[in-house]
Amino acid sequence: ITSAVAFDILPLKLHPFSQSTPTGLDCVGWKQRISSPVITDGTLDKTALTDDVGSEEDLYEDFRSSNHRYGHPGGGGEQLAINELISDGSVVYAEALWDHVTMDDQELGFKAGDVIEVMDATNKEWWWGRILDSEGWFPASFVRLRVNQDEPMEDYPLKVEGGKEDDSSSGMRRFGMGQTTKDQMRTNVINEIISTERDYIKHLKDICEGYIKQCRKRADMFTEEQLKTIFGNIEDIYRCQKKFVKALEKKFNKDHPHLSEVGSCFLEYQTEFQIYSEYCNNHPNACMELSRLTKVNKYVYFFEACRLLQKMIDISLDGFLLTPVQKICKYPLQLAELLKYTNPQHRDFKDVEAALNAMKNVARLINERKRRLENIDKIAQWQSSIEDWEGEDVLVRSSELIYSGELTKISHPQAKSQQRMFFLFDHQLVCCKKDLLRRDILYYKSRINMDNMEILDVEDGKDKDFNINVKNAFKLHCRDTEEVHLFCAKKPEQKQRWLKAFENERRQVQLDQETGFSITEVQKKQAMLNASKQHHTGKPKAVTRPYYDFLMRQKHPTLPTTLPQQQVFMLAEPKRKPSNFWQNISRLTPFRK
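Residues numbered from 1 in each chain as written. Predicted model: local features only at pLDDT ≥ 70, side-chain atom pairs only at ≥ 80, totals over all residues. Heavy atoms only, no water.

Caption draft 1: Expanded view of a positive patch on the surface. On the surface, K205, K213, K217, K242, K246 and K250 cluster together to form a positively charged patch. With respect to the secondary-structure elements, K250 resides in helix α6 (residues 234-251). The exposed category is assigned to K250, whose relative accessible area is 74%. (Patch = residues over 30% accessible without salt bridge, like charges linked within 9 Å, V, L, I, M, F, W, Y side chains within 5 Å. Areas by Shrake-Rupley, 256 points an atom, 1.4 Å probe, with all protein chains shown as cover. Salt bridge = Lys/Arg side-chain N within 4 Å of Asp/Glu carboxyl O. Lys, Arg positive; Asp, Glu negative; His and termini not counted. Charge placed at Lys NZ, Arg CZ, Asp CG, Glu CD. Helix = DSSP H or I, 4+ residues; strand = E, 2+ residues; numbered from the N terminus. Buried < 20%, exposed > 50% of the residue type's maximum accessible area, 1.4 Å probe, protein only.)

Caption draft 2: Representation of the pairing of strand β6 (residues 401-411) in the model. Of all eleven residues in β6, ten are buried; the element is thus mostly enclosed. When β6 meets strand β14 (residues 484-488), the two strands line up antiparallel, connected through three bridges. Residue pairing across strands places K409 opposite F487, the latter belonging to β14. (Pairing = 2+ DSSP bridges.)

Caption draft 3: Region of interest: the packing of aromatic side chains. This structure, assessed with the given rule, holds 24 aromatic pairs. Summarising the aromatic geometry, the rings of Y403 and W498 are spaced 4.9 Å apart at their centres and angled 90 degrees between planes, so their arrangement reads as edge-to-face. Placement of the pair is Y403 in strand β6 and W498 in helix α12 (residues 492-515), with a sequence separation of 95 residues. By relative accessible area, which is 2% here, W498 ends up buried. Aromatic ring contacts, followed pair by pair, group F244, F266, Y269, F273, Y276 and Y331 into a single cluster. (Phe/Tyr/Trp six-rings, centres within 6.5 Å; stacked < 30°, edge-to-face > 60°.)

Caption draft 4: Seen up close, the pattern of salt bridges. Tallied over the full model, the rule gives 32 salt bridges. A salt bridge links R130 to E117, with the shortest nitrogen-to-oxygen separation between them at 3.0 Å. Of the two residues, R130 is situated in strand β3 (residues 126-131) and E117 in strand β2 (residues 115-120); the sequence distance between them amounts to 13 residues. Looking at R130, the relative accessible area reads 28%, which means it is partly exposed. Measuring nitrogen to oxygen at the nearest pair gives 2.9 Å for the salt bridge that ties R372 to D512. Remark: D512 occurs in helix α12 and R372 occurs in helix α11 (residues 349-385); sequence separation between them is 140 residues. Note on accessibility: R372 and D512 belong to one class, buried.

Distances and angles like these do not, on their own, reveal function.
Printed below as a string of C-alpha cells:
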C-alpha cells in the first residue's frame, strides 16, 4: 500500500439483529482510518487521487493488493452471528420485505410480511429457509431479521398485517435472563428503529459526499443528466431523513425507551416520504445507466476509489443506491412490530396504529410498482416470441398482463368460429393463432381496444345477433362503432374467470389513473431493445428479469456454493412452472425454444 493511503482495522462489534438492507450495510463497528486523502468536510482531496497515489486505477489496485477489505468478510458480523445461532440449535426468524415470486421449485416463494425460519445463512446472498412445510433458497436482501428472536414462534403471526395481537395477555413473556415483559420487547423495537435510522443517515451521507460530490468534479466523465439518472433525488431524501431522525431522537426516551412516543414522527413526515416515489420510479433507469458505465474500466476504478476513500463497506454503488428503495418498504414491518408490543393504554398507541396504515400504503404502492416494472421485461420477451407482429408494441399502451387463455371467437358473416389464444392486458386484448403443426408457435392476428368496450354476459341458448346456439358465451360491445365480438369458453368456470378478468382490467386502469402510474419511454424502449437483441442473436426466447435479478444480487452475483451442480443449473435456468399470473403464458414454449 502506498504511503499516502494507510489504515488499520479495529475489532468488529457484533450487532446480530440490527439490519439495514441490503445485507451487509449494517456492519457497524468496522472502523477504518485513511490519512491524507480525506479532508474534514467529507470530500476527497483531488490531488490525493492523482499526485500521491496516481490514477484511480492505481489506487484501486493498491487497495486490492493490500489484502484488506472494507466490509464484512465471509458475509459480515451479522452473518457470522446468524450461523453461530443456527449451529447452536437456536431458531432464527426473518420477515419478508418484499414478495419473492419464483418459478423454480428449489426457491422459497413468499409475500411481504411472511415470517421465514432461516436454516442456513452461509452464503451471503442466498439463504435457505422454511415456511410451514415448504423449504428453499431465497435472496437474503429480501428479508429483515426479527428484532425479538427469543419470542416464541407460536406467539407470532405468519403475516404481520395489522400489527395487533389477538391475546392481550401474551404481553408478559420470558426474555433473556428471565426478566422480561412486553415493555422490554418494545424497547428492543424502539432501539432498532433509532439505530437503523442512524445507520441509514450515514449511508445517505456517504453516497452524497463520497460519490455525488466527486462525480460533479469530473465534468469530463459525467453530465448533469447522467448524475440525475444515477442518483435521482437522493440528496432530497438525505435532507428529509436528517430532519426525520432529529425528530425521532427528540421523542426518544433514553432512560426508558419503551415510553418513547415515535408514532407522531411518522405521521408528521408521511407526506414528505412521498419523495421516495420519484426515487423508486427512477431506480431502474439508474441501474441501466450504471450497468452501461461500468462496462468501461475507468468508471469502475473511479467508483471504487470513491468508496474506499469515503471508508464505505465493500458493496458496489448499485448496492448503496438500493437502500432507499428497501428502507421505505421496511418501515411498515418495524411499525407493525412496534404496535404489537404497544399496549392500547400507551400514549403512543393510536399514533403508531395510524403511522402503520400510512406507511403500509406508501410501501404497497412502491412494491406494486416494482412488480409492474418486472413485468415489462416479460411482456417484451413475450411479444418478441410472437410471429408476424403488426402495429405498435404492447408496451406503448400496456404494462400488465391481466389474464390469458383459449377461446372460440365467432365472427360475422356466417357466424364463422375460430379457436384463438387471447391475452388480456390493461387497455387491450391481443388475439393470436397457434401454428397448425407446431402448437408452440403463435402468430399475431388482431387486437381489441378495451377502453371503449362493454362486457355483456350471454345466456346459454340461441343468440339473436349471430343467430346460432351458444354456450359459456360473452360479448364485447364497442360503444363507439356498435361492433360486437362473441366469445365462447369451453367450461362455465372458464367463462367466469374471463368475466372477472375484464373487471380486474378496468379496475387496474382506474387505479393507474388515480395513482399516476406510468412506464417511462426509456424503460419501454430498453425492454424492447433487450428483447430484440436476444431475438436477433439467436438466444433462447426465455423470460428475463433484469431488474428483479438486480434486487437479488449484490456486488458479486453468485449462487449458493453448497448446491449440487444440477440444482445450480435449475436456479440459473428456472423451470417455467405455471403461476396464478402467468399460468397460460408459461405453457408456451416460445419462451424456452
